[in-house]
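# Observations on the model geometry
Next come the chains, spelled out residue by residue.
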Amino acid sequence: MRLKTQVIVNPESNQGRTRKRWTEIREALRAFIKEYKCEFTEQPFQAIEMARTAIKDGTELVIGVGGDGTMNEIANGFYEDKVIINPETSLGIVPAGTGCDLTKSLNIPPGLKDALKVITEAPSARIDVGKVSFQSSSGEDSERYFLNVADFGLGGEVVRKVNEGRMQRKASSYVRCLISTMIQYKSKRVGIRIDGHDCGEDDFLVGAVANGRVFGKGMKIAPEAKLDDGLFDAVLVKGMKFFEFCRHGWKIFLGTHLSHPKISLIRGRCIEAVPRTQESVLLELDGEQLGRLPATFEVVRGGFLVKGFPGR
């Protein structure tokens, strides 16, 4: 039985390479999917409404072609008024971004044909979703869902710089922005509560609230995280000097950093982060810088179907 399918394409993903590869992607979609509707985003946040409209129209499979930010928008379109529109609609992912960290957390292959084979042949399984209430860049109370990793502090500043480079049509690699930001960045004092338990406050360089394992273009920030265990892995990195970070930061790419005395891992269902400074502590969700602390992160247990996730 063929599923009613909607394809949502971000042609500007991977610095515009998706647009240049569209003929190849289109032919592969035709070979694997046969029948589908297709829409292209033209501005930020448009994929949210595209997905929402498609699902309300009976779409059973939404395929995203883009990076982590595109998948985040599509995932938010699965919800309306804080309720999932159709819990039986699945997300299929064609990785076409610069990092595609979500697919690494899901163990979905990066190649076009391999990813489409997963979408057409593998079953769907439910993953948890993160819901975060935070303060928008304009100071308003906001709410957003995320699939993979949210983090505050250094990561928020880095993503802001990456996005500014994109807006100015400049090539801005995540690692280059990470290094340039780290040279100047000062850790921010933040108070943490997990599942109602006061964990105190400290000067944090990074606070990652991880549903998945990988963020920041391949960093295994939460190597033990599971997408379907009903828990976040909160990885908290206390302040480090630049050269200390350089000596140990590479371990994040290998996932061997959790033994460092300045890094802690705490698991929980609800995580609250409150700034104890007058400076803004920026927040990013799935690679998109959308606001700042204070923020409350909550697990939505098993509420989202993804094609190819093996589940338990």
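So, here is what we can say about the structure in this document. All values reported here derive from a predicted model rather than from experimental measurement.

## A word on the packing of aromatic side chains
Aromatic ring pairs are described here by two measures, namely the spacing of the ring centres and the angle between the planes. For the structure on display, the rule yields five aromatic pairs. Ring geometry for Y79 versus Y145: centroids 3.9 Å apart, planes at 10 degrees, classification stacked. Remark: Y145 occurs in strand 8 (residues 141–146) and Y79 occurs in strand 4 (residues 79–80); sequence separation between them is 66 residues. Judged by relative accessible area, Y79 falls into the buried class, the value being 5%. Considering the side-chain rings of F242 and F243, the 5.3 Å spacing of their centres and the 70 degrees angle between planes classify their relative orientation as edge-to-face.

## Things to note about the nonpolar core
With 26 residues, the main nonpolar core has I74, F78, L106, I127, L147 and F304 as its most contacted residues. Of all the secondary structure elements, the ones that give two or more residues to this core are helix 3 (46–56), helix 4 (68–77), strand 6 (90–95), helix 5 (101–106), strand 7 (124–136) and strand 16 (288–307). It is helix 3 that contributes the most residues to this core, four residues altogether. The residues contacting L147, other than those within four sequence positions of it, are M71, A75, L91, L102, I127, V129, N211, G212, L227, D286 and F304.

## Here's the deal with the packing of helix 2 (residues 22–32) against helix 6 (residues 112–121)
The geometry of helix 2 relative to helix 6 is characterised by a closest axis approach of 10 Å and an angle of 30 degrees between their N-to-C directions. Put simply, helix 2 runs roughly parallel to helix 6. Judged by the sense of rotation from one axis to the other, the crossing of helix 2 with helix 6 is right-handed. Contacts from E24, I25, A28, L29 and F32 of helix 2 reach helix 6 at L112, K113, L116, K117 and T120.

What counts and what doesn't
- Residues numbered from 1 in each chain as written.
- Predicted model: local features only at pLDDT ≥ 70, side-chain atom pairs only at ≥ 80, totals over all residues.
- Heavy atoms only, no water.
- Phe/Tyr/Trp six-rings, centres within 6.5 Å; stacked < 30°, edge-to-face > 60°.
- Helix = DSSP H or I, 4+ residues; strand = E, 2+ residues; numbered from the N terminus.
- Buried < 20%, exposed > 50% of the residue type's maximum accessible area, 1.4 Å probe, protein only.
- Core = buried A, V, L, I, M, F, W, Y, C linked by side-chain atoms within 4.5 Å.
- Contact = heavy atoms within 4.5 Å.
- Axes fitted to C-alpha atoms, helices over the stretch in contact; angles between N-to-C directions.
- Parallel < 35°, antiparallel > 145°, perpendicular 65-115°, else oblique.
- Left-handed = near helix turned anticlockwise from the far one by under 90°.

Purely geometric stuff here, so don't read any function into it on its own.
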